[in-house]
Amino acid sequence: KILIWVFLGGGLGSSLRYGLHLLFKNTSSQYPIGTFAANLIGCLLIGIFFGILHKLNVLKEEAHFFFIVGFTGGLTTFSSFALDNVHLFKSGSLLQPLIYSLGSIIMGILMVLIGFGFQNPCKKQSLHDQSTTNHIDTLFDWLIVFKITL
């Protein structure tokens, strides 16, 4: 049953990633904008999905496997990110892959945090605010977010 949810979410996420590839494939930029966009959108969405599912207390249900494991897992791509860096490195510059890598990681983490903010846009909430529902309660939850994001 869970495998079906992962399969469906992953298929949709992968389809969106392919659509982003098509959208950006004819740009004149030397940077892999399609992969960059897919990973940042995936980071934003995982923050939104994780925050909402955690708030609704359905994190370990089918929604978790569909949205977080399947959809954002299918949308984001670490292997393409690594291959893109190899191609940038082969272009002769060490600065190009360094900018792409650091930009992807820093912007990705920021997008996850921005995504967390969408769960309750009317009330500013800290990740460590104990008076309201925490976005992330344990180190284990942080590891889930970073594992899927990367």
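As the structure is a prediction and not an experimental result, all values here were calculated from the model.

Definitions and limits used
- Residues numbered from 1 in each chain as written.
- Predicted model: local features only at pLDDT ≥ 70, side-chain atom pairs only at ≥ 80, totals over all residues.
- Heavy atoms only, no water.
- 1 Å grid on protein atoms, 1.4 Å probe; cavity = no way out; pocket = protein on both sides within 12 Å on 5 of 7 lines; lining within 4 Å.
- Points joined across faces, edges and corners; volume = space filled by probe spheres on them.
- Helix = DSSP H or I, 4+ residues; strand = E, 2+ residues; numbered from the N terminus.
- Nonpolar A, V, L, I, M, F, W, Y, C, P; charged D, E, K, R; others polar.
- Phe/Tyr/Trp six-rings, centres within 6.5 Å; stacked < 30°, edge-to-face > 60°.
- Buried < 20%, exposed > 50% of the residue type's maximum accessible area, 1.4 Å probe, protein only.

### Some remarks on the layout of surface pockets
Phase 1 of the analysis: Counted as a void, the largest pocket has a volume near 260 Å³.
Phase 2 of the analysis: Taken together, 16 residues make up the lining of the largest pocket; nearest its centre are His-21, Lys-25, Pro-32, Gly-34 and Thr-35.
Phase 3 of the analysis: Of all elements in the fold, only helix H1 (2-24), helix H2 (33-55) and helix H4 (78-90) reach the threshold of two or more residues within the lining of the largest pocket.
Phase 4 of the analysis: No other element matches the five residues that H1 contributes to the lining of the largest pocket.
Phase 5 of the analysis: When its residues are assigned to classes, the lining of the largest pocket shows five nonpolar, eight polar and three charged.

### Some points on the packing of aromatic side chains
Phase 1 of the analysis: On inspection of all chains with the given rule, the structure shows nine aromatic pairs.
Phase 2 of the analysis: A ring pair is formed by Tyr-31 and Tyr-100, whose centres lie 6.5 Å apart and whose planes are at 35 degrees; its orientation type is tilted. With Tyr-31 in the loop between H1 and H2 and Tyr-100 in helix H5 (residues 95-117), the pair connects residues that are 69 residues apart, well separated along the chain.
Phase 3 of the analysis: A centroid spacing of 6.2 Å and a plane angle of 75 degrees characterise the contact between Phe-49 and Phe-71, whose relative ring orientation is edge-to-face. In this pair, Phe-49 sits in helix H2 while Phe-71 sits in helix H3 (residues 62-75), placing the two residues 22 residues apart along the sequence.
Phase 4 of the analysis: We classify Phe-49 as buried; its relative accessible area is 17%.
Phase 5 of the analysis: The exposure class of Phe-71 is buried, given its relative accessible area of 14%.
Phase 6 of the analysis: Grouping aromatic residues by their ring pairs yields a cluster made of Trp-5, Phe-49, Phe-66, Phe-67 and Phe-71.

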